[in-house]
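# Residue-level structure breakdown
Below are the chains, spelled out letter by letter.
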Amino acid sequence: MKRILNHLRIRSERIYLTLKTFIKWLVLSGITGVFCGVTGSLFHLCMEFATDFRNEHSFMICFLPVAGLAIVFLYSICGLKNDPGTNIIITSIRTEGKIPVRMAPLIFVSAFITHLFGGSAGREGAALQIGGGLSAEIARLLKMNERSGNMLVMCGMSGLFSALFGTPVTATFFAMEVISVGVFYYSSIVPCFFSAIVALGISRLFGIVPVTYKVVVPELSAANVGFAMLLGVGTALLSVIFCYSIHKLAKLLSSKIKNSYIRIFSCGCVIVILTIIFGTDYNGAGMNIIADAMTSQTKPEAFILKLIFTVITIAGGYKGGEIVPSFFIGATFGNLFGTLIGLPPQFAAALGLVSLFCGVVNCPVTSLLLSIELFGGEGLIFFAAACSVSYILSGYYGLYTGQKIMYSKLHSKYINRHTK
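Below or above, wherever it landed, is the structure these notes cover. (Residues numbered from 1 in each chain as written. Predicted model: local features only at pLDDT ≥ 70, side-chain atom pairs only at ≥ 80, totals over all residues. Heavy atoms only, no water.)

Regarding its fold elements, the protein presents 16 helices and three strands. A compact globule built from 420 residues should have a C-alpha radius of gyration of about 22 Å, and the protein, at 22 Å, falls within 12% of that. Taken along the three principal axes of its C-alpha coordinates, the protein extends 85 × 60 × 45 Å. Looking at the protein residue by residue over its 420 residues, the buried ones come to 56%. A sequence separation of at least 24 residues applies to 76% of the contacts in the protein between residues at least 6 apart. Split by element, the accessible area of the protein, about 17900 Å² in all, is 68% carbon and sulfur. Charged side chains in the protein number 31 positive and 17 negative. The centres of these two groups are separated by 15 Å. (Helix = DSSP H or I, 4+ residues; strand = E, 2+ residues; numbered from the N terminus. Rg over C-alpha atoms; globule rule 2.2 N^0.38 Å. Buried < 20%, exposed > 50% of the residue type's maximum accessible area, 1.4 Å probe, protein only. Contact = heavy atoms within 4.5 Å. Areas by Shrake-Rupley, 256 points an atom, 1.4 Å probe, with all protein chains shown as cover. Lys, Arg positive; Asp, Glu negative; His and termini not counted. Charge placed at Lys NZ, Arg CZ, Asp CG, Glu CD.)

Take a look at the structure:
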């Protein structure tokens, strides 16, 4: 009898501890989701305003070099002259690294400046840094231990991502998968998902509608699956070129042009010249061109020009992110691929968007979930075919050098190496 009572006591204590932890994280992730939802919604509205204002006043691009000087000045006076960007958020999950709270307002303002004056950048880099910075500060105020603080940072990442893109499931798994590829942080699934859902709800209150696209899925056949895999080969190559170019040019510019002010001013001047030559389609995030790729045919050179614009912008020191530009590059490349091969160009654009995203972030599960939330689940087999090839063939390159590949992409082997 005593053994039975002791067993029941132990079981009840475990149940109590589980429920206590569960409720604790619902509350903490809910609070984080509210902060991230409000901040992410304001950031989204600011980015929309910046884009609309720049489109209505095309002369704004002429001031991009001067705007770059303002960005460098802001980071210098705030003590972040050598800004690690999104990498510090990713690295902090695995280490005892501290995230400066000033990073959140800095990236908010500097990303707004970049978009307002026509730099080619996205929003997700800012989202991850804002979300990570806000949640890290909440963890400090609550005096949470390192492990709990890291989990709250992941909640912040998923919350901001969800508020901006309207994809809560993708946001949840992105935070879990991007840190250490091959190892999922499953303990964070409930906190990250709840934070993402709360943030999404807050963004809806601000009138922000999630982006979705309607594309016609071709019939399932061996030939069409083969075409999807061939597209995956192309996006894998593009992802390597994109990531390598950004990191290589950033290092080259830093070594050749030591002064940050001269470096960003020079790159701003190059973007102005390129805009005069090729037009304004490649400034900002380019969401309008992505939408065009899903409904009609785009310019055949669009993907390579967006890649060049973005590489120069990010490597030069402007702030924002690389994922939305990767959407642009993948969608326009896919559109061209479909036109040449015989797949419906609009569906090939969707495949290109998702598979290039997979190649640059090394997150195949997140990529498949993104395809469902953006395009529905009908063409999942095609997306799986393209993403699996893109993931394998993109090698160990990635947008975030703080990311680690834990297991080999080719063998059942533990490698624990940083992306390059």
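Mapped onto the elements, I289 comes out in helix α11 (residues 287-293). Given a relative accessible area of 9%, I289 falls into the buried group. Non-local contacts of I289, meaning those with residues more than four positions away in its chain, are made with D281, T298, F328 and T332.

Right, let's talk about the nonpolar core for a bit. Residues F174, M294, L353 and F375 are the most contacted members of the largest nonpolar core, which totals 116 residues. Top element by residues in this core is helix α14 (residues 345-361). It accounts for 12 residues. Sequence-distant contacts of L353, defined by excluding residues within four places in its chain, comprise I290, M294, F327, G330, A331, L370, L374 and F375. Core analysis: the next-biggest nonpolar cluster, separate from the first, contains seven residues, I138, M144, M151 and L152 among them. (Core = buried A, V, L, I, M, F, W, Y, C linked by side-chain atoms within 4.5 Å.)

Once that is clear, we can look at the packing of aromatic side chains. Within the structure shown, the criterion is met by 20 aromatic pairs. An angle of 75° between the planes, with centres 6.4 Å apart, marks the rings of F165 and F327 as edge-to-face. Separated by 162 residues along the polypeptide, F165 in helix α6 (residues 146-165) and F327 in helix α13 (residues 323-341) bring together distant segments of the chain. As far as burial versus exposure is concerned, F165 and F327 are alike and both buried. Ring geometry for F347 and F383: centres 5.7 Å apart, planes at 70°, overall edge-to-face. On the criterion of sequence distance, the pair formed by F347 in helix α14 and F383 in helix α16 (residues 380-393) is long-range, its members being 36 residues apart. Here F347 matches F383 in class, with each residue buried. (Phe/Tyr/Trp six-rings, centres within 6.5 Å; stacked < 30°, edge-to-face > 60°.)

Now for the side chain of S158. Position of S158 among the secondary structure elements: in helix α6. In this structure the side chain of S158 is engaged in a polar contact, spanning 3.1 Å, whose partner is the backbone oxygen of C192. (Polar contact = N/O pair within 3.5 Å; in protein donor to acceptor, adjacent residues only side chain to side chain.)

For any two helices packed against each other, the geometry is given by the interaxial angle and the distance between the axes. Relative orientation of the contacting elements helix α15 (residues 364-375) and α16 amounts to 150°, with a least axis distance of 10 Å. Where α15 crosses over α16, the two elements pack in a sense that is right-handed. Mapping the contact onto sequence places P364, S367, L368, S371, I372 and F375 in α15 and L380, F383, A384, C387 and Y391 in α16. Partitioned by chemical class, the residues of the contact of α15 with α16 number nine nonpolar, two polar and no charged. (Axes fitted to C-alpha atoms, helices over the stretch in contact; angles between N-to-C directions. Left-handed = near helix turned anticlockwise from the far one by under 90°. Nonpolar A, V, L, I, M, F, W, Y, C, P; charged D, E, K, R; others polar.)

Here we come to the sheet that holds strand β2 (residues 404-407). Reading across from one edge, β1-β2-β3 is the order of the three strands in this open sheet, with mixed pairing throughout. Of all the strands in the sheet, just β1 (180-181) and β3 (414-418) have a single pairing partner and so form its edges. Relative to β3, β2 is paired through three bridges, and the arrangement is antiparallel. Each residue of the ladder has a partner; that of I405, found in β3, is R417. (Pairing = 2+ DSSP bridges.)

Tallied over the entire structure, the rule returns two salt bridges. The partner of R140 in a salt bridge is E137, with the nearest N and O atoms 3.1 Å apart. With R140 and E137 both in helix α5 (residues 124-141) and three residues apart, this pair spans about one turn of that helix. Note on E137: relative accessible area 24%, which makes it partly exposed. Note that K299 and D281 form a salt bridge whose closest N and O atoms lie 3.3 Å from each other. In this pair, K299 is assigned in the loop between α11 and α12 (302-316) and D281 in the loop between α10 (260-278) and α11, connecting sequence segments 18 residues apart. (Salt bridge = Lys/Arg side-chain N within 4 Å of Asp/Glu carboxyl O.)

Moving on to α16. Structural remark: α-helix, 3.6 residues per turn; residues separated by three or four positions point the same way. Between its first and last C-alpha atoms α16 spans 20 Å; for 14 residues at 1.5 Å apiece the expected length is 20 Å, and the two agree. Considered for burial, the residues of α16 that qualify are F382, F383, A385, A386, C387, V389, S390 and Y391. In this fold, the buried residues of α16 make contact with β1, α9 (222-256), α14 and α15. In the segment just after α16, G395 is the residue with positive phi, at about 65°. (Expected span 1.5 Å × (residues − 1).)

Turning our attention to the side chain of T39. With respect to the secondary-structure elements, T39 resides in helix α1 (residues 2-56). Residue T39 is classed as buried on the basis of its relative accessible area of 19%. Among the polar contacts listed, one links the side chain of T39 to the backbone oxygen of F35, at a separation of 2.8 Å. Apart from residues no more than four positions distant in its own chain, T39 is found in contact with F108, I130 and L134.

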